[in-house]
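Next come the chains, spelled out residue by residue.
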Amino acid sequence: MTTEREKMTAGEPYQQFDKELIDRRVYIRQQIEEINHITNNNNRNDRFKALLADTGDDFFVESDFKFDYGFNIHIGDHFYGNYDMTFLDTCPITIGSHCYFGPNIGLYTPVHPLDPTKRNADVELGKPITIGNSAWLGGRVTILPGVILGDNVVVGAGAVVTKSFGDNVVIAGNPARIIKEIPSKA
């Protein structure tokens with residue numbers, strides 16, 4: 001039998017008020033409340049790493065990092081996240097290596113049905129977010145469900161990323177669009 005957690009992670013419709021999911025969200029909220037008040041950088045980051053699916057070497061986040069579950073967050077080597085990041089990880093969030101995130105970043109995988117009958121029945125689903133290697137996200141960037149960003153992508157401050165982009169681009173705006181291509185090094 002498929003659990004609500006398995007359905008959620010796969011992006012299928014699931015019941016968000018399932019006991020296992022509620023228990024995990026409560027546990028994560030309790031942990032995050034405590035961890036975000038730790039001033040010792042190594043202790044704070046070690047505690048965060050223990051809640052995430054996997055992280056690479058040189059993982060560093062400032063305080064006020066928030067997420068729903070943690071078990072759907074995968075981060076590569078050499079990651080820096082500034083203050084006030086929110087990762088809603090109903091589906092996998094995969095971040096490559098050498099990525100740098102400015103303050104107030106929002107990565108949102110949940111999708112709520114447009115049909116009010118389904119929405120009122122508390123049915124939710126999601127779409128994963130994937131960010132390639134060497135990405136730089138400016139402050140207050142929002143990335144919506146299902147977005148894939150390639151390698152070497154720079155996202156300008158305040159951008160709302162509603163669709164996927166390939167490698168070697170600078171994107172900005174609401175909705176985000178390509179404002180510059182970055183020459184690739186062959």
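Thresholds, definitions, all that
- Residues numbered from 1 in each chain as written.
- Predicted model: local features only at pLDDT ≥ 70, side-chain atom pairs only at ≥ 80, totals over all residues.
- Heavy atoms only, no water.
- Pairing = 2+ DSSP bridges.
- Helix = DSSP H or I, 4+ residues; strand = E, 2+ residues; numbered from the N terminus.
- 1 Å grid on protein atoms, 1.4 Å probe; cavity = no way out; pocket = protein on both sides within 12 Å on 5 of 7 lines; lining within 4 Å.
- Points joined across faces, edges and corners; volume = space filled by probe spheres on them.
- Nonpolar A, V, L, I, M, F, W, Y, C, P; charged D, E, K, R; others polar.

Colleague: Which parts of the structure should I look at to understand the sheet that holds strand β2 (residues 54-55)?
Modeller: With respect to topology, five strands assemble into an open sheet ordered β2-β5-β8-β13-β16, the strand pairing being parallel. A strand with exactly one partner marks an edge of an open sheet, and here the two such strands are β2 and β16 (148-149). One ladder, built from two bridges, connects β2 with strand β5 (residues 73-75); its direction is parallel. From the neighbouring strand, Thr-55 faces β5, where its bridge partner is Ile-75.

Colleague: What is the right way to look at unusual backbone geometry in this model?
Modeller: A negative phi holds for most residues other than glycine; trans holds for most peptide bonds. The step from Asn-174 to Pro-175 runs through a cis peptide bond, and the omega angle for that step is 0°. Note on placement: Pro-175 falls in the loop between β19 (169-172) and β20 (177-181). With phi around 60°, Asp-58 is a residue other than glycine that occupies positive phi space. In this structure, Asp-58 sits in the loop between β2 and β3 (59-61). Located in the positive-phi region is His-78, a residue other than glycine, with phi close to 60°. Positionally, His-78 belongs in the loop between β5 and β6 (79-81).

Colleague: Got a minute to help me understand the layout of surface pockets in this structure?
Modeller: Once rolled over the atoms, a probe with the size of a water molecule shows which space is left empty. Considering only enclosed or pocket space, the largest pocket measures out at about 180 Å³ in volume. Lining the largest pocket are 13 residues, and of these Ile-28, Arg-29, Ile-32, Lys-66 and Phe-67 lie nearest its centre. Elements with a contribution of two residues or more to the lining of the largest pocket: α2 (19-35), β4 (66-67) and β7 (86-88). Its residues assigned to classes, the lining of the largest pocket shows four nonpolar, three polar and six charged.

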